[in-house]
Amino acid sequence: MKKTALITGACINTGVAIVEKFASEGWDVVFTGRSIEKVQEAENDYRAKFPEVQILGYALDSLIDERTVNEKAVDDVFNDLDSKGIFIDTLICNAADQGLNMKVFENPLTDFQRVLNTNVTWNLCLSEHAAARMKEQGGGNIIFVNSNTAYRAIPDRVAYIASKGGQLGMMRALAMDLGQYNIRVNAILPGMIKTDRWDKNPDFYAKVPSRYTPIGDVAVGADIADAAWYFAAHARNTTGAELVVDGGNTIQLYPIIPEE
Ligand SMILES: NC(=O)c1ccc[n+]([C@@H]2O[C@H](COP(=O)([O-])OP(=O)(O)OC[C@H]3O[C@@H](n4cnc5c(N)ncnc54)[C@H](OP(=O)(O)O)[C@@H]3O)[C@@H](O)[C@H]2O)c1
C-alpha cells in the first residue's frame, strides 16, 4: 500500500530535499510551511515534478505567541487529513526556530520560550497527533531533524542548543513509550548543511569553523533526506537512535583549518 510522509518546514532548504527524496521513492507527501503563498508555490512545484504521487501542503505556524503553542492548528491539520482518508506513516519534524543571535544577558526570556516552544513543545504536539493515528493503524515512524549542537555548543545560540538537547531527550522518551505500538522514533543529527544562506552570505560560510570536517565538506539537504529515508524505510529494528550526518565534525577536538 502507498505510504505517506508528513514533513514540516518543507518550502525551503532541507525540507525540500526530504520531500523530493520521499516523493521520488513513490511516497505521497504532506508538508508544511508558515506562509500560505509559499506553501501553494511549493505545492505547485512538487506536483509538477512528481505527478505520480499525491502532494498536499498546509500553512502551519507553531505558535500563537512566544508562550503559546497553536495546538488547535495541529488538531485541524490532522482532522483534515482524517477527513481525506490520509494516514501519516512517517512524521518528519524538520522545521525549527534557528534562534539566531541570542545574547545571554540581553534577550528576554520570551525569546528563549519561543524557540523551546517551537522546537520541543510543538514537535511533541505533532508527534502525539501522529502517534495516536499510527497506534490505530499498527505502527509508524517519527523522525526528528535534530543537530550535532545538541552535544557541542556554538556561540550565541543558547535557546536553539537547549531546544535540540531537549528534543533528543523527548525523542528517547517517545521511543520508550511508543515502541509497544510499533512506532519507531529516531533523530538525525546534522552538522552544517548547505542551504540558501550559503549563497546569501558566502563570506561568512567561507570561513565558518564548522565547515572544516574530516570528510572535508558539509552536508547538502539530500544527505539529510537519505538519513530520513533510512529510518523510515529500512531501520525496522532501530528506535531511540541518533544518526550523525556531519562529515565527522563532532569527533574532532577542534577543526583543522588549513593555512592560507
Ligand atoms: N542548516 C544547518 O546548517 C543545520 C545544521 C544542523 C541542524 N539543522 C536542522 O535541520 C533542520 C532544517 O534546517 P534548515 O537550515 O533547512 O532550516 P531553515 O532553512 O531554517 O528552515 C526552517 C523551516 O522551519 C520552518 N519554521 C521556522 N519557524 C517555524 C515556526 N515557528 N513554525 C513553523 N515552522 C517554522 C520554516 O518555515 P518558513 O518556510 O515558513 O520560514 C522553514 O520551512 C532544522 O531542524 C535545523 O535545526 C540545520
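For the structure itself, look to the data block above.
Everything numeric here is computed off the predicted structure, so don't read it as measured data.

What counts as what
Residues numbered from 1 in each chain as written. Predicted model: local features only at pLDDT ≥ 70, side-chain atom pairs only at ≥ 80, totals over all residues. Heavy atoms only, no water. Helix = DSSP H or I, 4+ residues; strand = E, 2+ residues; numbered from the N terminus. Rg over C-alpha atoms; globule rule 2.2 N^0.38 Å. Buried < 20%, exposed > 50% of the residue type's maximum accessible area, 1.4 Å probe, protein only. Contact = heavy atoms within 4.5 Å. Near = heavy atom within 4 Å. Polar contact = N/O pair within 3.5 Å; in protein donor to acceptor, adjacent residues only side chain to side chain. Nonpolar A, V, L, I, M, F, W, Y, C, P; charged D, E, K, R; others polar.

1. Regarding the overall build of the protein
- Secondary structure summary: the protein contains eight helices and nine strands in total.
- In terms of overall size, the protein behaves like a compact globule, its C-alpha atoms giving a radius of gyration of 18 Å where 260 residues would be expected to give roughly 18 Å.
- Projected onto its principal axes, the C-alpha positions of the protein cover 60 × 40 × 40 Å.
- Across the 260 residues that make up the protein, the buried fraction comes to 50%.
- Considering only contacts in the protein between residues 6 or more positions apart, those separated by 24 or more positions represent 73%.

2. Remarks on the site of the ligand
- Within the structure, the ligand sits among 25 residues, and Asn13, Thr14, Asn94, Tyr160 and Arg197 are positioned closest to it.
- Thr14 places a side-chain nitrogen or oxygen 2.7 Å from an oxygen atom of the ligand.
- Residue Arg34 places a side-chain N or O atom 2.8 Å away from an oxygen atom belonging to the ligand.
- At the level of secondary structure, the elements contributing two or more residues to the shell around the ligand comprise helix 1 (13–24), helix 4 (109–137) and helix 5 (158–178).
- Considered class by class, the residues forming the shell around the ligand number ten nonpolar, eleven polar and four charged.

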